[in-house]
Amino acid sequence: MHYTEIMVRYGELSTKGKNRKDFIRQLGRNVRAVLHRFPRVEVKAQRDRLHVALNGEDDQKVISILQGVFGIETLYPSIRVEKDMAVVKQTALQMAKEQYHTGETFKINTRRQDKHFEYHTNQINNILGDYVLENIDGISVDVKHPDIAIRVEVRMNGVFLSSETIHGAGGLPVGTGGRATMMLSGGIDSPVATYLAMKRGVKIDMIHFYSPPYTSEQALNKAKQLTSVLAKYSGNIQFIQVPFTEIQETIKEKVPEGYLMTIQRRMMLRIAAEITKNRHCTGVFTGEALGQVASQTLESMLAINDVTNMPVLRPLVSMDKTEIIKISKQIGTYDLSIMPFEDCCTIFTPPAPKTKPNLQRSREFENYIDVADLMKKAIEHIQITDIKPGEEFMNQDADVFAELL
Ligand code: ATP
Ligand code: MG
């Protein structure tokens, strides 16, 4: 079947009034943005449905892109025909034939927007139903649980038929849930947490700490590459890289070994919260999950979270590693995440970090360093890159990666 239009059913539209309008408008914008490479496509975001007219563009490519867009519950690839019953009958029959093997049941489900069309809804159901019954041996009608459901919509500009139902990504359109930052490492977890934050409509700015020369250019590019994969789900992402070398060296020199990790994390979060505030974002997301490593116990979270009253959001908090890995494979970040580059956190990790750091001690040990000055310098030297969906950051290292893979 060669589809002419994709009809989109909205996701969680339980919210009414202004929220509903924002949802629809934002989804329209997001869909137009992800389809910008298909100039003939026309997107109409209406009250009950969003319509993507293909005007000859490749239906399968458009469908696969739309499947990644949050706020879409289902996609119905449709065919538009003239308001001529003979043509409608032929098309309905062809659709039924394509899905029919042996003994299946079917149903015709008509909606009529054009109240002046010469047939009523029930008449159309009957005419088309009879035609299909007459022309396919062995097929029968089941209006409750049909194997094949053929939807017919009589609109002002034609009759639209569809029978395939494709699941969308669900969630809320990115941009309807406000703006927050994400602390992105190069690991498996934080990209998955980013995806889940976006799924609830949040527009994300990435914050990545790096420590040259202890961490390489490739490690930085890997974080950017992960961002470009995630941008496919949200549109362009601002990537903020924060130099962390001086802070780590100072902490290493001044702070007792058992608290290196805790103090580093406190500094990271403090800087992230400051950047978040400066950019008028209203929360910091992380990829932490309870119990994964020393810094991810409740006691550690208490000692680290102490530095800010900005909401710190942890979408993965109760997920198992296997569940997280499954999502990372689905969203296309896993293969990048497992590339073995040094992370700024691991290089200065002591052999035995405290799993239950004491809050009071953490505060005391932090007095051994000049927090305000270190923070100021790091923030003065941030660099920001606007990253596009699918943009390439690792080709210059192609040889290195070829060896690793
Ligand atoms: P991930 O797989 O996301 O790296 P992890 O299980 O390796 O997580 P940690 O290394 O302890 O756990 O990091 C916990 C969280 O701290 C990360 O999910 C991320 O949100 C943040 N984080 C760690 N390293 C960095 C970094 N270099 N830049 C920004 N945020 C970081
Ligand atoms: Mg990590």
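Rules of the game
Residues numbered from 1 in each chain as written. Chains lettered and ligands numbered in written order. Predicted model: local features only at pLDDT ≥ 70, side-chain atom pairs only at ≥ 80, totals over all residues. Heavy atoms only, no water. UniProt positions renumbered as here; feature names shortened; annotations may be inferred. Helix = DSSP H or I, 4+ residues; strand = E, 2+ residues; numbered from the N terminus. Buried < 20%, exposed > 50% of the residue type's maximum accessible area, 1.4 Å probe, protein only. Salt bridge = Lys/Arg side-chain N within 4 Å of Asp/Glu carboxyl O. Domains from an automatic or database assignment. Contact = heavy atoms within 4.5 Å. Buried area = accessible area lost by both parts, 1.4 Å probe.

### Brief notes about the UniProt feature "binding site: ATP" (unreviewed entry) in the protein chain
Move 1: UniProt records the feature "binding site: ATP" (unreviewed entry) at Met183, Leu184, His208, Phe209, Arg265, Gly287 and Gln296, using the numbering of this structure.
Move 2: Take phenylalanine 209: it is sitting in strand 11 (residues 203-210).
Move 3: For phenylalanine 209, a relative accessible area of 5% translates into the label buried.
Move 4: Turning to its location among the elements, glutamine 296 is positioned in the loop between strand 13 (284-285) and helix 9 (298-305).

### Structural notes on the pattern of salt bridges
Move 1: Under the defined criterion, the tally for this structure stands at 21 salt bridges.
Move 2: A salt bridge links arginine 155 to glutamate 153; the shortest N-O distance between them is 3.3 Å. One exposure class covers both arginine 155 and glutamate 153, and it is buried.
Move 3: In this structure, lysine 321 and aspartate 189 form a salt bridge, with 2.9 Å as the shortest nitrogen-oxygen distance. Residue lysine 321 is found in helix 10 (residues 321-331), and its partner aspartate 189 is found in helix 5 (residues 189-199); the two are separated by 132 residues along the sequence.
Move 4: Aspartate 189 sits in the buried class, given a relative accessible area of 10%.
Move 5: Salt bridges linked by common partners bring Glu5, Asp48, Arg49, Arg111, Glu153 and Arg155 together as one network.

### With respect to the UniProt feature "domain: THUMP" (unreviewed entry) in the protein chain
Move 1: What UniProt calls "domain: THUMP" (unreviewed entry) maps, in this numbering, to residues 60-165.
Move 2: Counting secondary structure, residues 60-165 comes out at 35% helix and 31% strand; the distance between its end C-alpha atoms is 13 Å.

### Focus: the domain arrangement of the protein chain
Move 1: The assigned domain composition of the protein chain is domain 1 (5-169) and domain 2 (179-404).
Move 2: For domain 1 versus domain 2, the separation of C-alpha centres amounts to 43 Å.
Move 3: Taken residue by residue, the interface counts six residues in domain 1 and seven residues in domain 2.
Move 4: For the pair domain 1 and domain 2, the summed buried area comes to about 510 Å², and 53% of that belongs to carbon and sulfur atoms.

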